[in-house]
Amino acid sequence: AVVPPTQQTTAPQRRQRGGTLDPFPNYKTPNPFSFWFAAMAAPDADETPASPGYALRATLAGHRRAVSAVKFSPDGRLLASASADKLLRVWSSADLSLVAELEGHEEGVSDLSFSPDGRLLASASDDRTVRIWDLGAGGGARLVKTLAGHTNYAFCVAFSPHGNVLASGSFDETVRVWEVRSGRSLRVLPAHSEPVTAVDFDRDGAMIVSGSYDGLCRIWDAATGHCVKTLIDDESPPVSYSKFSPNGKFVLASTLDSTLRLWNFSAGKFLKTYTGHVNTKYCIPAAFSITNGKYIVSGSEDKCVYMWDLQSRKIVQKLEGHSDTVIAVSCHPKENMIASGALDNDKTVKVWVQKDGDQ
Amino acid sequence: MFCVCVDPLQGDFPETIEEFLQHGNMKCIAFNRRGTLLAAGCANGSCVIWDFETRGLAREFRDKDCTAPITSVSWSKYGHRLLASATDKSLTLWNVVTGEKIARITLQQTPLHARLHPGSSIPSVCLACPLSSAPILVDLNTGSTIVLPVSASDSGNVPLPNSRKFSDGSPPFTPTAATFDKNGELIYVGNSKGEILIVDSKGIQVLGLIPIPGGTVVKDIVFSRDGQYLLTNSNDRVIRVYENILPINGSGKEIEKIITSNNNDYESKYEKLKANGARCLVLSCEVSDAIAKVQWKAPCFSGDAEWIVGASASKGEHRLHIWDRAGRLIKILEGPKEALIDLAWHPFDPTIASVSVAGLTYIWAKEHVENWSAFAPDFIELEENEEYVEREDEFDINAYAERVEELMIDQDAEIDVETCEKNSSFSDFEDSADEIIYLPAIPSPDAPDEQPDKCLVSSSKLEDSNHSGSPPSSMDAVQNGLAIPPASSPLEVD
C-alpha cells in the first residue's frame, strides 16, 4: 500500500514494496507517486536527508485580501509583503512588528523587490505601474517614483544588484529596464509572446532571466538588452517562475505542470527536477535556502510549503498551516527563516524558523 | 561584463556613435577603474559623474569657489576621491561618496593635467603638469609642491642655471608631460628635448633616461591600464609605443637593482642613465599618419592594450585613428563636425568616450548584430544560402516515432549553486571590499501631480550640500547616507 504523499509531514524513512521500476520517474510526466518510485529504483541510495525541522514561528495578519508576494530585504532586517488589497506591508524580521504600510497603488500588487542596500522597495501592480518606495529610517516610508510605461498588468519586478536599474515583466509580453534615479525606461525587451511571469538578475547584475506563459525562459544581457539564450524543453508548459541560483550559473524554473527544474543555462540543459507539490494555476516563486544545508523551497496549491534537498531532489519537509494556496515564499539571507504568504482564504504571512536554533 | 555564454568582446574596437551625454559644457573625462562611472569636468567648474551603465547622471559636485573651467579629472584607485584641476590654477579634491570638497590648493600655474597617486586608496599626493613648465608633485594635505627634474642633469627643485626663467622666479619654460606608472613608484617624464626620464617618486632622482627618436617635444605620455605599455606623443607627429620591462609590482626596487648592477664605467652620467633606461623601456612601434602628417591629441590605449587610439588635432576635426599594437592602422572613426578635446577608452568594453568642443560626450561602441539563435535554440543562422540535402528517412511516416529520446541526464550529480569564480578580466586587480563601483541611486522625486506622500518625510534626506545658488539641477548632490538603525539582535528561537 502506498501512502499518498500529502499526508506525510516528514520525509519517508521506509521504502515501500512493489510497484514498477521506472528508472527516470521524474523525467517527463510527473505524477504524485513518482517520487516513491524514485526511492525504490535506487536500492542503495543514500539515506534520505533529514528534515530541516522548520516550525511555525508567527503568523502575520493584516492584509485584507490575498497575499501575492513576500520578500526579505538583502540585509535580512525587513520582511515585505504585497497583496491584492493594493497595499504593501513592511515588517521587522526581528520582532515581526509592522514597520510601514505603503499605500498608493490603484490596483492589487503582484510582486515586490528590495534594492540591494535595502532602502528602496519596488512593487509591480495591476495598475500597470511599477512604484518605488523609499523606506527611510525609523518608518518614514513614502512613495518616490511611479514608473509608467507598461500597457498591461505589471506582474514581476527585480532590482539589479548594482542598485541603479530595475527590471519589470508584464502581461504586455515585454520586460522593461528602468533607471532608478530618473525613472525613465531604458529599454523595452521584446521578451515573449505571452505574459511575462518572472524576472530576475544574476548576482553580478550582468544578466536578466525572464520566464513566461509561452513556456520559454530567456536570458538577456542586462547592459545591452540583447538576448543571450533561450531555454526551452520539448514540451513547453507555461513557466510560472524563474530565477538565478546564488552563483548565477543555474536557473531555477517552475512550470505549471507541478515541476521545478534547475537548468544549466549555458549548456541549455536542465540538471535537476523537483516534484511532489501542486502547481498548475498560480505563479508560485521558489527560493534557494542555503543558510543551513542546501534546499529548494516552494509554495504549493495544496496549502503547504515544500522543501526539497537540492542534490537528492527528495522532499525533506512540508510546512502545513496555511488555509489556502501558498503563493509566495522567501528565505532569509542569513538566518534559517522562511516566510510564506497565502491566498484569499488565508490572507496571512507565516514565518517559519528552524527548531534547532541558529547555526 | 561577466556573462558566461557571450563571446568576450575585449580586444575589439568601437565602430559607431551609440549616443551622447549632455549636461552643461563638459571639458574632460575619466573612467573609474571598473568603467562603471565616468567623471567629467565642466566649463562652469563643476564635476559630474555619469553612471555609465544607465548613461544617466549620478552625481554633481559644485562649490562656490570652483567656477573656472576644469582642465582634467582624475580618480583615486578605488574611486573614493576625484581630483579636478581648473584654469584658475587650482586643484580641488572631492569625496565621491559624500560629495564634499576635501581640499583646494592653488598652484603657481594652471595645471593642464593632474593625476592622483595610483597606488593608494586615499592618495595624499598628486602629479600636476602645468602648461609649459616642469611637472610638480603636490602634497594634498599641505599644499606643498616639489618640482620634478626635466633633464638628466637636473635634480629637481633647482632651476637650471642657463635656461629661461620667468621674472617671478617660477620654473623655466619647458613643456613637459608626466605620468605615474601603475603603482606610482616611478614617474615617467617626457621633456621638451624628446627624452623620457624615469624619476623616483620618493627621492625625486632621475634614475633612467630613454631618448625618443626624433628628439622633439613630448606632448603626452600615457601608460596602458595594466602598466605594460607606454606611449608618447611627440611634436614630430609620431606616437611611439614602448614596452615596459620593469615588473609592475616593485618597479622601484627593480630599477635600484638595475642601477647598482649597471655600475660599470660610463663616460658620463648621461650615458649611465641611458643604460639604465634601456633596461626599463623598449621601443615597440611607431604610428603616424604618413599622408596628412596629422598632429595627434589625447592618445591612449584600449583597456587590454591591444589597440591604440589617437585623435586628430587638426582644426575642427573629430576623427579617431585606431591602430593595433604592431602599428597597423585598423580603423578611422569620423565624428560630428565639432573638434575633439578629450578622449577615453573604457577599461573593459570596446567603447570610447570622446568630448567635443560643444561640451557633449559621444559614446562610440560596436554595432550589435542580432543573434537570432539566442531567441530560438534550434535556429541556425547561415552566412549564405545552402542547398538543403534531406536525410534518407526525412519524410518517412514512422521516422518521427523512432526519434530517440534525448540523452539521459544524471539527476543525481552534485551541483554547486553557491560558489562563484572570479572573473579573469579582473585577475590583475587587487580587490578592495571598499571599492566604489556603483553609486547608490537616489531616485529623483516625481513631479508633484503624482500621488501624495503617505507618511512623514525623513528630515536628513536629500541634503543638498553642494548647491551654490545656481539653478537646481534635477539631480541632487549626494545626501549623507541615511543611518539605517543597527541590526537588531538575532532572533531568539526556542
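Residues numbered from 1 in each chain as written. Chains lettered and ligands numbered in written order. Predicted model: local features only at pLDDT ≥ 70, side-chain atom pairs only at ≥ 80, totals over all residues. Heavy atoms only, no water.

**Q** Hey, could you run me through the overall build of chain B in this one?
**A** A count of helical and extended segments in chain B gives three helices and 28 strands. Going through the 494 residues of chain B one by one, you find that 49% of them count as buried. Sequence-distant contacts, at least 24 apart, represent 51% of the contacts inside chain B between residues at least 6 apart. In the form shown here, chain B has an accessible surface area of approximately 24,100 Å², with 51% of it arising from carbon and sulfur atoms. (Helix = DSSP H or I, 4+ residues; strand = E, 2+ residues; numbered from the N terminus. Buried < 20%, exposed > 50% of the residue type's maximum accessible area, 1.4 Å probe, protein only. Contact = heavy atoms within 4.5 Å. Areas by Shrake-Rupley, 256 points an atom, 1.4 Å probe, with all protein chains shown as cover.)

**Q** I tried to follow the domain arrangement of chain A on my own but got confused; where do I start?
**A** The extent of an interface is frequently quoted as the accessible surface area lost upon association of the parts. All names here are of chain A. Here chain A is described as being made up of domain 1 (64-294) and domain 2 (295-358). Facing 41 residues of domain 1, the contacting portion of domain 2 comprises 40 residues. Carbon and sulfur atoms make up 63% of the surface buried where domain 1 meets domain 2, a total of about 3,500 Å² over both sides. For the domain 1 face of the interface with domain 2, the top three residues by lost area are Phe72, Tyr274 and Lys294, together amounting to 18%. (Domains from an automatic or database assignment. Buried area = accessible area lost by both parts, 1.4 Å probe.)

**Q** Got a minute to help me understand the pairing of strand S10 (residues 154-159) of chain A in this structure?
**A** Within a regular strand, the side chains alternate between the two sheet faces. Residue and element names in this part refer to chain A. With respect to burial, S10 is a largely interior element, six of its six residues being buried. Examined bridge by bridge, S10 and strand S11 (residues 165-170) share five bridges and lie antiparallel to one another. Within the sheet, the bridge partner assigned to Ala154 lies in S11 and is Ser170. Hairpin geometry of S10 and S11 is characterised by an intervening segment of five residues between the two adjacent antiparallel strands and by a positive phi of about 80 degrees at Gly163. (Pairing = 2+ DSSP bridges.)

**Q** Would you mind showing me how to read the UniProt feature "repeat: WD" (unreviewed entry) in chain B here?
**A** Look at the UniProt record and you will see "repeat: WD" (unreviewed entry) annotated at residues 70-104 of chain B. Structurally, residues 70-104 of chain B comprises 0% helix and 63% strand, and the distance from its first C-alpha atom to its last is 13 Å. (UniProt positions renumbered as here; feature names shortened; annotations may be inferred.)

**Q** Help me understand a negative patch on the surface in this model?
**A** On the surface, Glu381, Glu383, Glu384 and Glu386 of chain B cluster together to form a negatively charged patch. Along the chain, the position of Glu386 of chain B falls in the segment after helix H3 (372-375). (Patch = residues over 30% accessible without salt bridge, like charges linked within 9 Å, V, L, I, M, F, W, Y side chains within 5 Å. Salt bridge = Lys/Arg side-chain N within 4 Å of Asp/Glu carboxyl O. Lys, Arg positive; Asp, Glu negative; His and termini not counted. Charge placed at Lys NZ, Arg CZ, Asp CG, Glu CD.)

**Q** Is there a simple way to explain the nonpolar core in this structure?
**A** If you look at soluble globular proteins, the nonpolar side chains tend to sit buried side by side. Residue and element names in this part refer to chain B. Core analysis: the largest hydrophobic core is formed by 20 residues, its most contacted members being Cys47, Val73, Trp75 and Leu82. Trp75 has contacts with Ala30, Phe31, Asn32, Leu37, Leu38, Ala39, Ile49, Arg81, Leu82, Val96 and Leu116, leaving out every residue within four places of it along the chain. Counting residues in each nonpolar core, the second largest holds 19 residues, with Ile196, Ile221, Ile258 and Ile259 among its members. (Core = buried A, V, L, I, M, F, W, Y, C linked by side-chain atoms within 4.5 Å.)

**Q** Explanation requested: the confidence of the model for chain A in the structure shown.
**A** Low pLDDT marks regions whose predicted coordinates should not be analysed in detail. All names here are of chain A. Across chain A, the average pLDDT comes to 85, with 84% of residues at 70 or higher. Across residues 1-22 the pLDDT falls below 50, and counting only partners more than four positions away or on other chains, this stretch makes 37 contacts in the model. Counted against residues more than four places away or in other chains, residues 37-45, with its pLDDT under 50, gives twelve contacts. (pLDDT = per-residue confidence, 0-100.)

**Q** Is there a simple way to think about the pattern of salt bridges in this case?
**A** Where charged atoms of side chains with opposite charge meet at close range, the side chains can pair. Residue and element names in this part refer to chain B. A full pass over the atoms with the stated rule returns 28 salt bridges over all chains. Put simply, Glu435 and Arg33 hold a salt bridge, and the shortest N to O gap is 2.9 Å. With Glu435 in the segment after H3 and Arg33 in the loop between strand S2 (26-31) and strand S3 (37-42), this pair connects stretches of sequence that are 402 residues apart. Take Glu435 and Arg33: they sit in the same class, and that class is buried. The salt bridge partner of Asp324 is Arg328, with a shortest N-O separation of 2.9 Å. Overall, Arg328 belongs to the exposed group, its relative accessible area being 53%.

**Q** How should helix H2 (residues 269-278) of chain B be read in this particular structure?
**A** An α-helix turns once per 3.6 residues; consequently, residues spaced three or four apart project the same way. Of the positions making up H2 of chain B, those classed as buried are Lys272, Leu273, Ala275, Asn276 and Gly277 of chain B. On the buried face of H2 of chain B, the contacting elements are strand S17 (206-211), helix H1 (251-261) and strand S21 (281-288) of chain B.

**Q** Honestly, the side chain of Ser212 of chain A in this entry has me stumped. Any pointers?
**A** Residues and elements named next belong to chain A. Its location among the elements puts Ser212 in strand S15 (residues 207-212). Here Ser212 falls in the buried class, since its relative accessible area comes to 0%. Among the polar contacts listed, one links the side chain of Ser212 to the backbone oxygen of Glu194, at a separation of 3.1 Å. Excluding anything up to four places from it in sequence, Ser212 contacts His192, Glu194, Pro195, Val196, Thr197, Pro238 and Val239. (Polar contact = N/O pair within 3.5 Å; in protein donor to acceptor, adjacent residues only side chain to side chain.)

**Q** Is there a simple way to think about the packing of aromatic side chains in this case?
**A** Each aromatic ring pair is described using two quantities: the centre-to-centre distance and the angle formed by the ring planes. This model, assessed by the stated rule, comprises 15 aromatic pairs over all chains. Ring geometry for Phe20 of chain B versus Tyr362 of chain B: centroids 5.9 Å apart, planes at 55 degrees, classification tilted. One end of the pair, Phe20 of chain B, is in strand S1 (residues 16-21); the other, Tyr362 of chain B, is in strand S28 (residues 361-365), with 342 residues separating them in the sequence. Residue class for Phe20 of chain B comes out partly exposed when judged on its relative accessible area of 44%. In this structure Tyr362 of chain B comes out as buried when scored by relative accessible area, which is 8%. Taking 5.0 Å as the distance between ring centres and 85 degrees as the angle between the ring planes, the aromatic pair formed by Trp296 of chain B and Trp323 of chain B counts as edge-to-face. Of this pair, Trp296 of chain B sits in strand S22 (residues 296-301) while Trp323 of chain B sits in strand S24 (residues 319-324), and the two are 27 residues apart along the sequence. Like Trp323 of chain B, Trp296 of chain B is buried. One residue, Arg261 of chain A, lies across the ring of Phe270 of chain A, its end atom 4.9 Å from the ring centre. Positioned over the ring face of Phe13 of chain B is Lys366 of chain B, at 5.6 Å from the centre of the ring. (Phe/Tyr/Trp six-rings, centres within 6.5 Å; stacked < 30°, edge-to-face > 60°. Lys NZ or Arg CZ within 6 Å of the ring centre and 35° of its normal.)

**Q** Sorry if this is basic, but what is going on with the UniProt feature "repeat: WD" (unreviewed entry) in chain A here?
**A** All names here are of chain A. If you check UniProt for "repeat: WD" (unreviewed entry), the listed places come out as residues 60-92, 102-135, 147-188, 189-230, 232-273 and 292-318 in our numbering. Between the C-alpha atoms that bound residues 102-135 the distance is 9 Å, and the span itself is 0% helix and 56% strand. End-to-end, the C-alpha atoms of residues 147-188 are 13 Å apart, and along that stretch the chain is 0% helix and 55% strand.

**Q** I'm lost on the sheet that holds strand S13 (residues 145-147) of chain B in this one. Help?
**A** Hydrogen bonds between backbone atoms are what pair the strands of a sheet, whose relative direction is either parallel or antiparallel. Residues and elements named next belong to chain B. On the basis of which strands lie adjacent, the open sheet formed by four strands has the order S10-S11-S12-S13 and antiparallel pairing. Both edges of this open sheet fall to strand S10 (111-116) and S13, since each of them pairs with a single strand only. With direction set aside, neighbouring strand axes in the sheet form an average angle of 25 degrees. (Axes fitted to C-alpha atoms, helices over the stretch in contact; angles between N-to-C directions.)

**Q** Where do I start with H1 of chain B in this structure?
**A** Residue and element names in this part refer to chain B. Among all positions of H1, only Ser251, Gly252, Ile255, Ile258 and Ile259 are buried. Down the axis of H1, the buried set is contained in an arc of 120 degrees. They therefore lie on one face. Projecting away from the buried face of H1 at angles above 90 degrees are the exposed residues Lys253, Lys257 and Thr260. Packed against the buried residues of H1 are strand S15 (186-190), strand S16 (195-200), S17 and H2. (Arc of directions from axis to C-beta.)

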